[in-house]
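# Coordinate inspection notes
Spelled out from the first residue to the last, the chains are:
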Amino acid sequence: MADRPALLAEPVRELDRRELHASVSDPVMESVTLLTDVMSQYPDAVSFAPGAPHESFFEGVDVARHIESYVAYLCRERGMSPARARRRILQYGSTPGLINELVAGVLRTDEGIDVPPEAVVVTVGCQEAIFIALRALHATPDDVLLVADPCYVGAVGAARLLGLDIRPVEQRPDGSVLPDLVRVCREVRAEGRRPRALYLVPDFSNPSGSRMALPDRHALLAAAAEEDLLVLEDNPYGFTAAPETKLPTLKALDRGGRVVHLGTFAKVCIPGVRVGYAVADQTVRGPDGRTRLLAAELAAVKSMVTVNTSPVGQAVIGGMLVEAGGTLRAMVEEKSAFYRRNLRLLLDALDSAFPEDLRARTGIRWDAPEGGFFLVMTLPFEVDDAVLEESARDFGVLWTPMSHFFVGGKGGARQIRLSLSYLDDDEIEEGVRRLAAFVAART
Ligand SMILES: Cc1ncc(COP(=O)(O)O)c(C=O)c1O
């Protein structure tokens, strides 16, 4: 056999993970991969881990029809020919988005958020909205991001990718963040740095399921004005509130231009098209005295991250909005009732699997949120990734350790997050039975 050329015979060069960006090895990144790995390793386990929508809702989705509804809308409202409208959907799109007018319309009708279409940036899921907002708002290493603690891992992860300094602000079980917010702002200022923005999920937070009461929303906006702080309000789960108990978003209450509102069509419509949005109607003044909306600055960042959100995906969501008559109320009512029913099933199953005398003896307890995709359960022992693995392997049930969500890793040692969105009735009941067996074996 002929000698191989010397170049091919050289050993393959390995890269040292320590020479990659620190965020790659950050525990927050690993928490997502860990859960995916455990789920694929134990495919028969009942998983209370993913916060994904229930797949029965995908049955009524007809992607081709939704696209055609959007094409018809473009022809009707913009005077385009069908061929031109279809070309628009297949071409690169404008960076701020194609369906901004429809999104602004639905926000006005359904949420009382009254902003012009130019204040909306359509993003690749809410995740990109978080990322570009964090990038645009943090000017120097002295700008500090405050996050409600425990916090959605996607927000912490995005901040880590960007190398931002993060400070936790305790979000209590009732959803409030005051007075810790004011204390942290003052601490940051005492260091000669600037608390730039607070990220939080006021409605049925991921992970804790907590919801901020109306007086606390007003108090937070007042504190934001006092502390000269912006608020990044992430709202994927507000739609799950019963209509009579729905609270206004911070953005709907915002009179001082403090709130950048982040949203998604993943939970109300479908996640597979990856369409979310940022609402940023703040005015930004340039050095030449000219002004433009913060949304335009976010779009500039977006142009260097994803160029534009898939126009095909936007056409699907646009078509759904057109077909729904510019309001998602009917869809929201159906889906929120479904998720609240799942929540009740989970609470009932927990009640019967963990009777009151057992709870009194062991300290086992759980929150009873009024909506959302998640609830937090407290166990009589500490849990970590190894215990999760044991639960999956020996008892066939998966959950998420709450410690994954505490910034800096402190907190939630005895707590788990249970997601209720993705499972069928019998899976919820069976999953809770398995959870009870797992807890009994360790108690
Ligand atoms: C609080 C929160 N924000 C954002 C997202 C991401 O949303 P999207 O799928 O639109 O990127 C999620 C997804 O689970 C979430 O829980």
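Quick notes on the rules
- Residues numbered from 1 in each chain as written.
- Predicted model: local features only at pLDDT ≥ 70, side-chain atom pairs only at ≥ 80, totals over all residues.
- Heavy atoms only, no water.
- Patch = residues over 30% accessible without salt bridge, like charges linked within 9 Å, V, L, I, M, F, W, Y side chains within 5 Å.
- Areas by Shrake-Rupley, 256 points an atom, 1.4 Å probe, with all protein chains shown as cover.
- Salt bridge = Lys/Arg side-chain N within 4 Å of Asp/Glu carboxyl O.
- Helix = DSSP H or I, 4+ residues; strand = E, 2+ residues; numbered from the N terminus.
- Axes fitted to C-alpha atoms, helices over the stretch in contact; angles between N-to-C directions.
- Parallel < 35°, antiparallel > 145°, perpendicular 65-115°, else oblique.
- Left-handed = near helix turned anticlockwise from the far one by under 90°.
- Contact = heavy atoms within 4.5 Å.
- Nonpolar A, V, L, I, M, F, W, Y, C, P; charged D, E, K, R; others polar.
- Domains from an automatic or database assignment.
- Buried area = accessible area lost by both parts, 1.4 Å probe.
- Buried < 20%, exposed > 50% of the residue type's maximum accessible area, 1.4 Å probe, protein only.

Our focus in this paragraph is a nonpolar patch on the surface. Judged by side-chain polarity, Leu15, Leu20 and Val24 come together as a nonpolar surface patch covering roughly 280 Å² of accessible area. If you trace the backbone, Leu20 turns up in the loop between helix 1 (6-9) and helix 2 (27-41).

Contact geometry of helix 2 with helix 7 (residues 153-161) gives a least axis separation of 9 Å together with a crossing angle of 135°. In terms of orientation, helix 2 lies oblique with respect to helix 7. When you trace helix 2 past helix 7, the crossing you get is left-handed. Seen from helix 2, the contacting residues are Val28, Met29, Ser31 and Val32; seen from helix 7, they are Val153, Val156, Gly157, Arg160 and Leu161. When its residues are assigned to classes, the contact of helix 2 with helix 7 shows six nonpolar, two polar and one charged.

Here the focus is the domain arrangement of the protein chain. Accessible area lost on assembly of the parts is the figure often given for the size of an interface. Domains assigned within the protein chain are domain 1 (21-50 + 330-442) and domain 2 (63-327). The C-alpha-based centres of domain 1 and domain 2 are spaced at 27 Å. Tallying the contact residues gives 28 residues for domain 1 and 28 residues for domain 2. When domain 1 packs against domain 2, the two sides together hide about 2400 Å² of surface, and 67% of this comes from carbon and sulfur. Summed over the shared surface of domain 1 and domain 2, the number is two salt bridges. Put simply, Glu370 and Arg211 hold a salt bridge, and the shortest N to O gap is 3.4 Å.

In the structure shown here, the tally under the stated rule is 34 salt bridges. Among the ionic pairs, Lys246 bridges to Glu111, the shortest N-O distance being 3.2 Å. Linking Lys246 in the loop between strand 6 (230-234) and helix 10 (250-253) with Glu111 in helix 5 (residues 100-111), this pair joins segments that are 135 residues apart in sequence. Looking at Lys246, the relative accessible area reads 34%, which means it is partly exposed. According to the relative accessible area criterion, Glu111 is partly exposed, its value standing at 21%. Among the ionic contacts, a cluster of salt bridges with common partners joins Asp142, Asp165, Arg167, Glu191 and Arg193.

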